[in-house]
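Chains, contacts and geometry: an overview
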Amino acid sequence: MDSDFHLRKVQTLSPKAAKIALRILDADPNIPTEWILALRPTLVERSSESPSFGTTDWMTIAAIESPAIRRFTGPFESREQRHARLWVSSLRQESRRIARSPMIGSAFGALE
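Quick caveat, the model's predicted, so the values are computed rather than measured.

Observations regarding helix α4 (residues 55-65)
Along an α-helix, residues three or four positions apart point the same way, because every turn accommodates 3.6 residues. Turning to α4, its buried residues number three or more, namely D57, T60, I61, A63 and I64. Taken down its axis, α4 places every buried residue within 160° of arc, on the same side.

Considerations on the pattern of salt bridges
Evaluated as defined, the whole model comprises seven salt bridges. Two residues, R85 and E77, come together in a salt bridge whose shortest N-O distance is 2.9 Å. Per residue, the accessibility class of R85 equals that of E77, and both read buried. Residues participating in the shared-partner salt-bridge network are D28, E65 and R92.

Focus: the packing of helix α2 (residues 15-27) against helix α3 (residues 33-47)
Each pair of packed helices gets described by two things: the angle between the helix axes and the distance between those axes. Close contact between α2 and α3 brings their axes to 8 Å; oriented N to C, the two are set at 145°. Here the hand of the crossing between α2 and α3 comes out left-handed. Taking contact as the criterion, the partners of P15, A18, K19, A21, L22, L25 and D26 in α2 are, on α3, I36, L39, R40, L43, V44, R46 and S47. Each residue belonging to the contact of α2 with α3 can be placed in one class, and the counts come to nine nonpolar, one polar and four charged.

Quick notes on α2
Taking 1.5 Å per residue, 13 residues should reach 18 Å; α2 reaches 19 Å between its end C-alpha atoms and fits that length. Considered for burial, the residues of α2 that qualify are K16, A17, A18, I20, A21, L22, I24 and L25.

A look at the packing of aromatic side chains
What the rule picks out here adds up to one aromatic pair. Between F53 and W58 the ring centres are 4.9 Å apart and the planes differ by 80°, which places this aromatic pair in the edge-to-face class. In this structure, K19 packs its charged tip against the face of F53, placed 5.1 Å from the ring centre.

Points about the nonpolar core
If you look at the biggest cluster of nonpolar residues, it comprises 21 residues, and the most contacted ones within it are L13, L25, L43, W87 and L91. Among the elements of the structure, α2, α3, α4 and α6 (79-100) are those that each provide at least two residues to this core. The dominant element in this core, judged by the number of residues it contributes, is α2, at seven residues.

The rules we used
Residues numbered from 1 in each chain as written. Predicted model: local features only at pLDDT ≥ 70, side-chain atom pairs only at ≥ 80, totals over all residues. Heavy atoms only, no water. Buried < 20%, exposed > 50% of the residue type's maximum accessible area, 1.4 Å probe, protein only. Helix = DSSP H or I, 4+ residues; strand = E, 2+ residues; numbered from the N terminus. Arc of directions from axis to C-beta. Salt bridge = Lys/Arg side-chain N within 4 Å of Asp/Glu carboxyl O. Axes fitted to C-alpha atoms, helices over the stretch in contact; angles between N-to-C directions. Left-handed = near helix turned anticlockwise from the far one by under 90°. Contact = heavy atoms within 4.5 Å. Nonpolar A, V, L, I, M, F, W, Y, C, P; charged D, E, K, R; others polar. Expected span 1.5 Å × (residues − 1). Phe/Tyr/Trp six-rings, centres within 6.5 Å; stacked < 30°, edge-to-face > 60°. Lys NZ or Arg CZ within 6 Å of the ring centre and 35° of its normal. Core = buried A, V, L, I, M, F, W, Y, C linked by side-chain atoms within 4.5 Å.

On their own, these measurements won't tell you what the molecule is for.
What follows is the structure in structure tokens.
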């Protein structure tokens with residue numbers, strides 16, 4: 001994982017976007033645990049001043065989980081919700097890319 005890139009991006013997320021990203025990060029079984037442990041503290045700190053989720057926030061979370069419904073939720077998505085969705089999407093893409101690479105197993109590669 002390019003941790004510097006993702007940590008810098010967390011700092012640019014609004015508190016609401018960080019809260020949405022944190023919710024998705026905690027629920028995604030495909031993101032490696034090492035990544036979650038590295039990113040979660042920064043997301044928690046960034047999201048600490050966020051208000052409660054509203055209806056459109058839940059719609060964004062649903063669209064992240066089920067991309068097929070994004071065409072229905074897209075018109076209601078705010079800039080901060082879009083930032084959260086794109087941040088999570090980039091993290092998931094990198095996770096899938098790493099899973100396909102020959103160094104599967106841990107952050108240090110497969111132990112033999």
